[in-house]
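Coordinates in review
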Amino acid sequence: MADCPRRIAMLILVAALAGCTMAPAYHPPVVALPAAFKEAGPWVPASPANVAPPDVWTTLFHDPQLDRLERQLAKANPTLAGAVARYDAARAYLARARSDLLPSVAIGTQLTDNRQSDSRPLRGSNQPDLYAADTIAGSIGYELDLWGRVRNQVAAGRAEAEASADDVAAVKLSLSGELASAYVALRGADQQIALLSNTVDDYAQADALTERRFRGGIASGVDTGRSGTQLDEARAQLSDVMAARALIEHAIASLVGVPASSFSIAPATTGLAMPAIPAGLPSTLLERRPDIAAAERRMMAANAEIGVARAAFFPSIALGGQGGFQNTALAGLISAPNLFWSVGPSAVLSLFDGGRRHAQVALARADWDQASATYRGTVLKAFQDVEDSLSQLHLVGEEAAAEQRAEAQAAQVEALSLDRYIKGAVTYLDVVTAQTTALRIRRAVIELTTRRLQASVRLARATGGGWREGDPVPRAPGG
């Protein structure tokens, strides 16, 4: 009974040590950032639980064809499938690390026939040269995680698995945004093709008119040359846009996991509606950016790895035992006289390793510094992405409004010049000049609209998946 107080004290000490950890207290770094975007809202650090699914395109554009393509991308894109496989691997690593928290149990058998050497040292005269050794035994082992090595490995594995899940979300958001941007460009090309097709028809009629005037002695050969040149130039522009549309369609096919040779999207001349952007995008939207969340999780994993490296300076203590039966024959193997067992603790402490453990700690700290710098860089890039998209929406919107006013004026000049030419008041050069200007401005309006829509896509990607229902929604910037 005299040993009871000592044993109780030892158990209390072991229990206390079991709560120790060599990892530093984890604190995400403070990023020197403006309080908000130029519009409004405070900055809040990323949290993996706040990552939003990249399904914003449904509410942003309300286009059924785009919705179907986005769903197909989620199922069939090979890049996304690779990211999911990496996440599965990270979960497997975590499960392997967690297994060290539990005892290991094993059982085995060995059935051998043996012959010992006649010259074996200390060989007794009564020992047989030939003998059998049959064994069935089990063992159990458990490492006392007094210094938190196993727990920190589990914490690092958990953080890496969470980061990998965020990587999947980041890849999906990037790919779905790329698809949405390509789809916007495709519909812009459809509008360009419709415009140029109508223009070719109009120029063909004007060319026929000029040819008739030439045969009637009213127009000169210069006029017919100008009208024919203008018609062929419009046809060349149409072919160029059609070639560009084909490339965009092929890119979309690869994104949704379909061979380009068996994929097509029917043309549509109806333009996409310009999304409404909230007047003040709060910087808390960046909580949902999966790349920021992944960078923060990897910082936590690096912090836990410091604890793993530090634990190597302390002895590794394990509890273990084994037992079983051994006999020279299978008959009577499992019987009391053939029982053997052993049980007891073991401890291992490295006394000299040539600086290996110090180097491992230095490596872990360097990994922490790298993860911290990556986190800061990711946050800064996120703010830049949002500000870039907002400025593009605003400035391109102003440019588009100016071009729309110019389009209305160019249409009037075009109609007036053709009417005056028919009446003989001006030369065909005036008609060509007016028509060329009107076509250039009409194409510019379509291109600017496409750029504004793509800027909306980039803004949705930059904010981690767009803005949720319930946000204030005024008119779009520049609209």
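Since the structure is predicted, the reported quantities are computational estimates derived from the model, not experimental observations.

**Comments concerning the packing of aromatic side chains**
- Applying the stated criterion to the full structure yields 3 aromatic pairs.
- The ring of Tyr-421 has Arg-213 lying over it, and the distance from NZ or CZ to the ring centre is 4.5 Å.

**Comments concerning a nonpolar patch on the surface**
- Together, Leu-339, Trp-341 and Val-343 make up an exposed nonpolar region whose accessible area comes to about 390 Å².
- Tracing the sequence through the fold places Leu-339 in strand 4 (residues 339-348).
- We classify Leu-339 as partly exposed; its relative accessible area is 48%.

**Some details on the packing of helix 3 (residues 64-76) against helix 5 (residues 149-215)**
- Between helix 3 and helix 5, the shortest axis-to-axis distance is 10 Å and the interhelical angle comes to 145°. In the packing of helix 3 onto helix 5, the handedness of the crossing is right-handed. Residue-level contacts link Gln-65, Leu-66, Leu-69, Glu-70, Leu-73 and Ala-74 of helix 3 to Lys-172, Leu-175, Ser-176, Leu-179, Ala-180, Tyr-183 and Arg-187 of helix 5.
- Among the residues forming the contact of helix 3 with helix 5, the class breakdown is 8 nonpolar, 2 polar and 3 charged.

**Some words on the nonpolar core**
- Membership of the largest hydrophobic core comes to 28 residues, with the highest contact counts inside it found for Trp-57, Phe-61, Leu-69, Leu-179, Ile-252, Val-256 and Phe-263.
- Of all the secondary structure elements, the ones that give two or more residues to this core are helix 2 (56-61), helix 3, helix 4 (78-98), helix 5, helix 6 (221-255) and helix 9 (428-462).
- If you tally residues by element for this core, the top one is helix 5, at 9 residues.
- Once residues lying within four places of it in the same chain are set aside, the contact partners of Ile-252 are Leu-69, Leu-179, Ala-182, Tyr-183, Leu-186, Phe-263 and Ile-265.
- Residues Ala-302, Phe-383, Val-386 and Leu-393 belong to the second largest nonpolar core, which totals 22 residues.

**Concerning the environment of Asn-152**
- One can find Asn-152 in helix 5.
- For Asn-152, a relative accessible area of 7% gives the class buried.
- For the pair Asn-152 and Asn-303, spaced 151 residues apart in the sequence, the C-alpha separation amounts to 8.9 Å.
- If we skip the residues at most four places from it in the chain, Asn-152 touches Thr-21, Met-22, Ala-23, Ala-304, Gly-307 and Val-308.

**Remarks on the pattern of salt bridges**
- Applying the stated rule across the entire model yields 17 salt bridges.
- Here Arg-289 makes a salt bridge to Asp-291, at a shortest N to O gap of 2.7 Å.
- Judged by its relative accessible area of 7%, Arg-289 is buried.
- Put simply, Arg-297 and Glu-296 hold a salt bridge, and the shortest N to O gap is 2.7 Å. One exposure class covers both Arg-297 and Glu-296, and it is buried.

**Brief notes about the environment of Ser-220**
- Residue position: Ser-220 is located in the loop between helix 5 and helix 6.
- Residue classification places Ser-220 among the partly exposed positions, given a relative accessible area of 34%.
- Expressed as a C-alpha distance, the spacing of Ser-220 and Thr-427, which sit 207 residues apart in the sequence, is 9.7 Å.

**Here's the deal with the side chain of Gln-192**
- Mapping Gln-192 onto the fold places it in helix 5.
- Owing to a relative accessible area of 5%, Gln-192 belongs among the buried residues under this scheme.

**Observations regarding the sheet that holds strand 4**
- One open sheet holds the 4 strands; their spatial order is 1-2-3-4, and the pairing between them is antiparallel. Whereas interior strands pair on both sides, the edge strands pair on one side only; in this sheet they are strand 1 (104-115) and strand 4. In this sheet, neighbouring strand axes are inclined to one another by 20° on average, regardless of whether the strands run parallel or antiparallel.
- Two strands pair when backbone bridges link them, and strand 2 (residues 130-144) and strand 3 (residues 316-327) are joined in this way by 11 bridges, in the antiparallel orientation. Residue pairing in the sheet places Leu-144 in a bridge with Ile-317 of strand 3.

**Re the pairing of strand 3**
- Pairing of strand 3 with strand 4, which is carried by 10 bridges, proceeds in the antiparallel orientation. Within strand 4, the position partnered with Gly-321 by the bridge is Val-343.

**So, helix 3**
- The end-to-end C-alpha separation of helix 3 is 18 Å, in line with the 18 Å expected for 13 residues at 1.5 Å each.
- By the burial criterion, the buried members of helix 3 are Leu-66, Asp-67, Leu-69, Glu-70 and Leu-73. Buried residues of helix 3, seen end-on, are gathered within an arc of 165° and therefore sit on one face of the element. Along helix 3, the residues that are exposed and aim more than 90 degrees away from the buried face are Arg-71 and Lys-75.
- With a side-chain oxygen lying 3.0 Å from the backbone nitrogen of Gln-65, the N-terminal cap of helix 3 falls on Asp-63.

**Considerations on the confidence of the model for the chain**
- Residues of the chain with pLDDT of at least 70 account for 84%, and the chain-wide mean is 83.
- Note that pLDDT drops below 50 for residues 39-54; the model gives that stretch 54 contacts with residues more than four away or on any other chain.
- Confidence over residues 469-479 falls short of pLDDT 50; this stretch has 26 contacts with residues more than four positions distant or in other chains.

**Quick notes on the side chain of Arg-245**
- Mapped onto the fold, Arg-245 is located in helix 6.
- You can call Arg-245 buried: its relative accessible area is 9%.
- When sequence neighbours within four positions are dropped, the list of residues in contact with Arg-245 reads Leu-186, Arg-187, Ala-189, Asp-190, Ile-193, Ile-265, Ala-266 and Pro-267.

What counts as what
Residues numbered from 1 in each chain as written. Predicted model: local features only at pLDDT ≥ 70, side-chain atom pairs only at ≥ 80, totals over all residues. Heavy atoms only, no water. Phe/Tyr/Trp six-rings, centres within 6.5 Å; stacked < 30°, edge-to-face > 60°. Lys NZ or Arg CZ within 6 Å of the ring centre and 35° of its normal. Patch = residues over 30% accessible without salt bridge, like charges linked within 9 Å, V, L, I, M, F, W, Y side chains within 5 Å. Areas by Shrake-Rupley, 256 points an atom, 1.4 Å probe, with all protein chains shown as cover. Salt bridge = Lys/Arg side-chain N within 4 Å of Asp/Glu carboxyl O. Helix = DSSP H or I, 4+ residues; strand = E, 2+ residues; numbered from the N terminus. Buried < 20%, exposed > 50% of the residue type's maximum accessible area, 1.4 Å probe, protein only. Axes fitted to C-alpha atoms, helices over the stretch in contact; angles between N-to-C directions. Left-handed = near helix turned anticlockwise from the far one by under 90°. Contact = heavy atoms within 4.5 Å. Nonpolar A, V, L, I, M, F, W, Y, C, P; charged D, E, K, R; others polar. Core = buried A, V, L, I, M, F, W, Y, C linked by side-chain atoms within 4.5 Å. Pairing = 2+ DSSP bridges. Expected span 1.5 Å × (residues − 1). Arc of directions from axis to C-beta. Polar contact = N/O pair within 3.5 Å; in protein donor to acceptor, adjacent residues only side chain to side chain. pLDDT = per-residue confidence, 0-100.

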